[in-house]
Amino acid sequence: ERMTLELREHEHDLLQSNRELERFASVAAHDLQEPLRTVLTFTSLIERKHGAQLDGEALNYLLRVSAAGQRMRALIESLLVYSRIGQVERQFDVIDLNDCLTAAIANVESLVLETGAQITVGDLPTVRGNAQAFTQLFTNLLSNALKYRLGTPEVSISAHRREHFQRHEAAHLGAAEGRD
């Protein structure tokens, strides 16, 4: 009985902590939307009004700022989805990991150019999951590989089917999804 009571108390504490984390994520996401909206509005305005007058390099920089803002918008939307996890069941779709990786490589393009990195990509599978979460996972892994390296980075990304993939291994990988 004592252990059951302690377990219920820990469960209550964990649920309370999760609710607080969800509230924080929701508030943070909403607070980040307004300055981002301003950045995106002004980059769009500059592109429309002055894009033809900008040289190729300046226009390229402006387009990169705009693309980074769009990625940030997607991250904020993901944060909002996360903040509602306790309220709504998470939906998983069939996604092509090649598309997620392509988006992730675009996210770290400036690091690739800066480091002279060579990224080799094998064919990746189609899986059930959250495309934004996988794109963020790949982005984090690539970013870390490019930032914390000796010499010119050489990154190879591929997938191999394991015939005897154990259920506990899948559960462990799923639990690690949100980490760098």
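What this report covers is the structure whose coordinates are included nearby. As the structure is a computational prediction, the values presented were derived from the model and not from experiment. Each chain carries its own residue numbering, running from 1 in the written order of its sequence. Confidence filtering applies because this is a predicted model: local features only for residues at pLDDT of at least 70, side-chain atom pairs given and counted only at 80 or more, and all residues used for totals across whole chains, interfaces and linings. To obtain the side-chain values, all non-hydrogen atoms of the structure were included, while hydrogens and water were left out.

### Re the nonpolar core
(1) Moving on: If you look at the biggest cluster of nonpolar residues, it comprises 17 residues, and the most contacted ones within it are L97, F138, L142 and L146.
(2) Moving on: Elements are defined by DSSP. Helices are runs of H or I of four residues or more, strands are runs of E of two residues or more, and each kind is numbered from the N terminus. Elements supplying a minimum of two residues to this core: α3 (97-107), α4 (109-115), α5 (131-147) and β4 (154-157).
(3) Moving on: With five residues, the top contributor of residues to this core is α5.
(4) Moving on: A contact between two residues is defined here by any heavy atoms of the two lying within 4.5 Å. Residues within four places of L146 in sequence aside, it is in contact with V108, L111, V112, T115, A117, P153 and V155.
(5) Moving on: For this analysis, a nonpolar core means a set of buried residues of the types Ala, Val, Leu, Ile, Met, Phe, Trp, Tyr and Cys, connected via side-chain atoms within 4.5 Å. Only protein chains enter the accessibility calculation, which uses a 1.4 Å probe; a residue is then buried when its area is under 20% of its type maximum, exposed when over 50%, and partly exposed in between. Of all hydrophobic cores here, the second largest spans five residues; its members include A29, L36, L40 and L80.

### Examining the environment of T102
(1) Moving on: Along the chain, T102 falls in helix α3.
(2) Moving on: Look at T102 and you get exposed, because its relative accessible area is 54%.
(3) Moving on: In this structure the C-alpha to C-alpha distance between T102 and T135, which are 33 residues apart in sequence, comes to 8.4 Å.

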